[in-house]
Protein chains: 2
Amino acid sequence: MNTTNLTLADPDTPFAALDVHKSLRNIERLQTRADQLGVTLRPHVKTSKSLDVAALLHHGSPCPVTVSTLAEAEAFAEGGYTDITYAVGIDPHKLPRVIALLRRGVRLRILLDSVEQASFVAEASRQAELPIPAQIEIDCDGHRGGLKPDAPAVPEIGRILHGAGCLDGVLTHAGESYFAFTSDEQRLAAKNERDTAVAAAERLRAAGLPVATVSVGSTPTAHAAEDLTGVTELRAGNYVFFDLVMAGLGVCTVEDLALSVVVTVIGHRPEYGWIITDGGWMAMSRDRGTAAQAQDQGYGLVAGLDGHLIPDLVMTAASQEHGTLTTRDGAPLPELPVGTRLRILPNHACATAAQHRGYHVIDSAQSPIDGAQAIRTFWPRIAGW
Amino acid sequence: MNTTNLTLADPDTPFAALDVHKSLRNIERLQTRADQLGVTLRPHVKTSKSLDVAALLHHGSPCPVTVSTLAEAEAFAEGGYTDITYAVGIDPHKLPRVIALLRRGVRLRILLDSVEQASFVAEASRQAELPIPAQIEIDCDGHRGGLKPDAPAVPEIGRILHGAGCLDGVLTHAGESYFAFTSDEQRLAAKNERDTAVAAAERLRAAGLPVATVSVGSTPTAHAAEDLTGVTELRAGNYVFFDLVMAGLGVCTVEDLALSVVVTVIGHRPEYGWIITDGGWMAMSRDRGTAAQAQDQGYGLVAGLDGHLIPDLVMTAASQEHGTLTTRDGAPLPELPVGTRLRILPNHACATAAQHRGYHVIDSAQSPIDGAQAIRTFWPRIAGW
């Protein structure tokens, strides 16, 4: 890793800080689980959107990944990744870019859940004389897209894809597990996710169709799954950074959060109990994911530059470039003069990271310099679609 | 303006489309008001963050502008703008960049609301042998930062700034006008904003301090103000694009919205009444500004590619790269096959625009080609801080 002469006290605020020590610990934890469960881990890189962060996943060498945009797929292909799943239902208009990636040797799998899409994909494969590997999206919990495993369209799509050499398997995502507030509920969500995916695969196999991939995953279910028999791969993305939503679900602790936003105190409104910072929603995003949880964390919890939480202090309001900090339960406002730097721990790492061009990288396993971690390097993000 | 061979049917979705015809109409409307009120208009460029959009403001030549970040100030300075107000309370750590802009001939005004900040600025001005023009932030409605006009700190700060040649004037922003739901309330908010700023200026003048600038503004109050006697300039930003929050306040109509996000239908869940698109919160932002209004518009209203609203269709849920459209009041789901392109009108233009690297520019005064507006050019945004 490169080194700079800067610490968290130096760049103008706001900026995103990534603690590589915590990220590596989070990565190791889920990799160990996947190894124990006997499945391939296919991390979702939509959270970090960074080749440098992804290099932490597998000791610097490319591993299977999941992406949320073709821009990510193209950047990862450029970075030497050859095993990529694009896990958003395919828009037929995007097939030329998919085919271009396949032609350069990337095994890019796409996702779909309709006869319409399957027909487009089969036709495009025939025209290109190149089968586009496709997975059928299965709905396990009514969260978003996908087909129920017993839907008549499942074998119909399977046959259309198989006829063009495109059928790769099935994929499901337990999106509702973000609302599974106990570990029992999370285990049940993981079991349901696995059972649903395997049922869909069995249904296709019973129709004489080959199913290579049975893909499941979400950060909560990946950490809760106890048995993934019949599943070939596990997906999760958020765990590389974690966030307050995940801490609220008990999937991690607040100490595991690898991403924070460094901000500066720029004013005080003691009559209202407010401390004003230069970190608003442009730096944090508008995500209020913990609003649906037992403990609403506003726009984020507040730590000192050393990373230690300041008790009872919460970012409770945001405008574009202003954040408002208040205390809980009438606790007195801490003394934080103008110019004081703070770190805000976000609700939703994917959304907060997306507000930044990249990460100032720190390593909390190293001793700070004058109370501020050294900045080791800057890791850029992939933007756009 | 350049021309491309593309229409809104061509670039991969999601992407931001800016209707230059509507923007120009919105710009002309407020410029006419400012002229009638006899004040300088100092548009806030934080909404578009684009030199190209700013060129619409004043027939292509630089005009006074307001910015929300020093990155904007630097980009606008590079673009020939020499009269810039940075309207976020100053972090002393950022003063070197302020001084660098002043040295290159930009009259950059900064904002502050504490004796602490004033002392930093006065000291930095003395050391640089260059007075930093500063405005005192005045709070007119308890929205965010600033001092009440009768706060003892107002003349104290005034004296510190004046002693270093830095005192430029006062600035206030009626942020609570976003919650002024009737035109009467908006007129009152505008009167209060004006009265408060002028009272603060008079207070400084009574203390023997010179006040050159008396700056007020927000998009709702700028459109509601009837008398700005004593005010020297009016700020507003959102009006260049407008959005559903402003339409909900009655400041504009939905037809005035210049910004939309083009998305594609990628799936259907008829059993839930959902149409799924490839435009999630990454494309729209997490902003739910209309949730506080009488008519909650979800994540946005839905129009066809031709710009005409599809009645009763609303984007009601978002994940990172998925949007869910539903109908209101049990209206039947329209027939929108996979691959159909739609335009989502956003709650909050500042937040939605921030999710994109720039704008695909269309002109709705021109006839569409096969039902889709021609894309005239691409205008990039300024990013970061």
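Values in this document were obtained by computation on a predicted structure and should not be read as measured data.

Regarding its fold elements, chain A presents eleven helices and 17 strands. Expected size for 385 residues packed as a compact globule is a radius of gyration near 21 Å; at 22 Å, chain A falls within 12% of this value. Expressed along its principal axes, the backbone C-alpha trace of chain A runs to roughly 70 × 40 × 35 Å. Evaluated residue by residue, chain A yields a buried proportion of 64% over its 385 residues. Summing over all exposed atoms, chain A offers an accessible surface of approximately 13,500 Å²; the carbon and sulfur share of this is 52%. Both charge centroids of chain A, one from 32 positive and one from 44 negative side chains, sit 4 Å from each other.

So, on to the interface of chain A and chain B. Chain A puts 63 residues into the contact, and the matching count from chain B is 63 residues. Buried area between chain A and chain B, summed over both chains or domains, comes out near 4,800 Å², and the portion from carbon and sulfur atoms is 53%. The largest contributions to the chain A side of the interface with chain B come from D12, R144 and W385 of chain A, which together make up 16% of the buried area. Counting every contact that joins chain A to chain B gives eight salt bridges. R286 of chain A is the salt-bridge partner of D287 of chain B, the closest N and O atoms lying 2.8 Å from each other. Viewed at the interface, chain B and chain A are joined by 38 residue pairs in polar contact (both at pLDDT 80 or more). Going through the elements one at a time, β4 (83-89), α5 (115-128), β10 (259-269), β11 (274-277), α10 (281-284) and α11 (349-353) of chain A are the ones with two or more residues in the side of chain A that touches chain B. With five residues, β10 of chain A is the largest single contributor of residues to the side of chain A that touches chain B. Residue composition of the side of chain A that touches chain B, by class: 21 nonpolar, 22 polar and 20 charged.

What follows covers the relation of the copies chain A and chain B. Mapping chain A onto chain B calls for a rotation angle of 180° and an axial translation of 0.0 Å; the resulting RMSD is 0.0 Å. Taken together, the rotation and translation describe the operation of a two-fold axis. If distances are taken from each C-alpha of chain A to the rotation axis, the shortest is found for R286 of chain A, at 2.5 Å.

The subject of this paragraph is the packing of α5 of chain A against helix α6 (residues 153-163) of chain A. All names here are of chain A. Packing of α5 against α6 leaves a shortest axis separation of 9 Å and a crossing angle of 5°. Judged on the interaxial angle alone, α6 and α5 are roughly parallel. Across the interface between the two elements, V115, A118, S119, V121, A122 and R126 of α5 pack against E156, I157, I160, L161 and G163 of α6. Along the lines of polarity and charge, the residues of the contact of α5 with α6 split into seven nonpolar, two polar and two charged.

Counting 100 residues, the largest nonpolar core has L108, L161 and Y359 of chain A as the members making the most contacts within it. Grouped together as the second largest cluster of nonpolar side chains are 99 residues, A71, V88, A151 and L204 of chain B included.

So, about the UniProt feature "domain: D-serine dehydratase-like" (unreviewed entry) in chain A. Listed under "domain: D-serine dehydratase-like" (unreviewed entry) in the UniProt record, and renumbered for this structure, are residues 258-363 of chain A. When the span residues 258-363 of chain A is considered, its composition is 8% helix and 42% strand, and the gap between its end C-alpha atoms is 10 Å.

As a further point, take the state of the cysteines. Summed over the entire model, instances satisfying the criterion amount to zero disulfides over all chains. Note on C252 of chain A: no disulfide assigned, nearest cysteine sulfur contributed by C350 of chain A at a separation of 12 Å. For C252 of chain A, a relative accessible area of 6% puts it in the buried group. Free cysteine: C140 of chain B, not disulfide-bonded; nearest cysteine sulfur from C350 of chain B at 18 Å.

All names here are of chain A. Here we have eight strands laid out as an open sheet, ordered β2-β9-β8-β7-β6-β5-β4-β3, and parallel in their pairing. Two strands in the sheet have a free side with no partner beyond their single neighbour: β2 (40-41) and β3 (65-67). Two elements, β2 and strand β9 (residues 233-234), share two bridges in a ladder whose sense is parallel. What sits directly across from L41, in β9, is L234. Most of the contacts of helix α3 (residues 70-78) go to β4, to which it runs at about 175°, and overall it touches β3, β4 and β5 (107-112). The sheet contacts of α6 involve β5, β6 (134-138) and β7 (167-172), and relative to β6 the element is tilted by about 170°.

Residues and elements named next belong to chain A. Tallying each qualifying case throughout the model produces six aromatic pairs over all chains. Ring centres of F241 and Y359 lie 5.4 Å apart, and the angle between their planes is 75°; this geometry places the pair in the edge-to-face category. Taken as a pair, F241 in the loop between β9 and α9 (244-249) and Y359 in strand β16 (residues 358-362) lie far apart in primary sequence, 118 residues in all. Taken individually, F241 and Y359 each receive the classification buried, so the pair is uniform in this respect. Directly above the ring of Y299 sits R288, whose terminal nitrogen or CZ lies 5.7 Å from the centroid.

Let us look at the environment of K22 of chain A. Residue and element names in this part refer to chain A. Mapping K22 onto the fold places it in helix α1 (residues 20-37). In this structure, the C-alpha to C-alpha distance between K22 and F120, residues 98 residues apart in sequence, is 43 Å. Excluding residues that lie within four positions of it along the chain, K22 makes contacts with E255, D256, L257, A258 and S364.

What follows is about helix α7 (residues 183-206) of chain A. Residue and element names in this part refer to chain A. Over its 24 residues, α7 extends 34 Å from the first C-alpha to the last, a length consistent with the 34 Å expected when each residue adds 1.5 Å. Close packing links the buried residues of α7 with β6, α6, β7, β8 (213-216), α8 (219-224) and α9. One or two residues past the end of α7 sits G208, with phi positive at roughly 80°.

Below, the discussion takes up the pairing of strand β13 (residues 309-318) of chain B. Residue and element names in this part refer to chain B. As judged from the three bridges shared by strand β12 (residues 300-304) and β13, these two strands associate in the antiparallel manner. Opposite A303, over in β13, you have L309 as the bridge partner. Linking β12 to β13, which pair antiparallel, is a turn of four residues; within it G307 sits at a positive phi near 90°. In this sheet, strand β14 (residues 323-327) lies alongside β13 in antiparallel orientation, the contact comprising five bridges. Residue pairing in the sheet places L313 in a bridge with T327 of β14. Hairpin connection, β13 to β14: the antiparallel pair is bridged by four residues.

Turning our attention to the side chain of S177 of chain A. Residue and element names in this part refer to chain A. On the secondary structure map, S177 appears in the loop between β7 and α7. Of note is the side chain of S177, whose polar atom sits 2.7 Å from the backbone oxygen of A174. Within the local environment of S177, its side chain forms a polar contact with the side chain of S218, the two groups lying 2.9 Å apart. Residues within four places of S177 in sequence aside, it is in contact with D141, A189, S218, P220, T221 and L249.

Residue and element names in this part refer to chain A. Partitioning chain A into structural domains gives domain 1 (44-236) and domain 2 (254-380). Opposite the ten residues of domain 1 that make contact, domain 2 presents eight residues. Across the domain 1 to domain 2 interface the summed buried area is about 710 Å²; carbon plus sulfur atoms make up 64%. On the surface where domain 1 and domain 2 come into contact, there are zero salt bridges. Run the count over domain 1 and domain 2 and you get one residue pair in polar contact (both at pLDDT 80 or more). Split by residue class, the side of domain 1 that touches domain 2 holds four nonpolar, three polar and three charged.

The rules behind these values
- Residues numbered from 1 in each chain as written.
- Chains lettered and ligands numbered in written order.
- Predicted model: local features only at pLDDT ≥ 70, side-chain atom pairs only at ≥ 80, totals over all residues.
- Heavy atoms only, no water.
- Helix = DSSP H or I, 4+ residues; strand = E, 2+ residues; numbered from the N terminus.
- Rg over C-alpha atoms; globule rule 2.2 N^0.38 Å.
- Buried < 20%, exposed > 50% of the residue type's maximum accessible area, 1.4 Å probe, protein only.
- Areas by Shrake-Rupley, 256 points an atom, 1.4 Å probe, with all protein chains shown as cover.
- Lys, Arg positive; Asp, Glu negative; His and termini not counted.
- Charge placed at Lys NZ, Arg CZ, Asp CG, Glu CD.
- Contact = heavy atoms within 4.5 Å.
- Buried area = accessible area lost by both parts, 1.4 Å probe.
- Salt bridge = Lys/Arg side-chain N within 4 Å of Asp/Glu carboxyl O.
- Polar contact = N/O pair within 3.5 Å; in protein donor to acceptor, adjacent residues only side chain to side chain.
- Nonpolar A, V, L, I, M, F, W, Y, C, P; charged D, E, K, R; others polar.
- Least-squares fit on C-alpha atoms with pLDDT ≥ 70 in both.
- Axes fitted to C-alpha atoms, helices over the stretch in contact; angles between N-to-C directions.
- Parallel < 35°, antiparallel > 145°, perpendicular 65-115°, else oblique.
- Core = buried A, V, L, I, M, F, W, Y, C linked by side-chain atoms within 4.5 Å.
- UniProt positions renumbered as here; feature names shortened; annotations may be inferred.
- Disulfide = S-S within 2.5 Å.
- Pairing = 2+ DSSP bridges.
- Phe/Tyr/Trp six-rings, centres within 6.5 Å; stacked < 30°, edge-to-face > 60°.
- Lys NZ or Arg CZ within 6 Å of the ring centre and 35° of its normal.
- Expected span 1.5 Å × (residues − 1).
- Domains from an automatic or database assignment.

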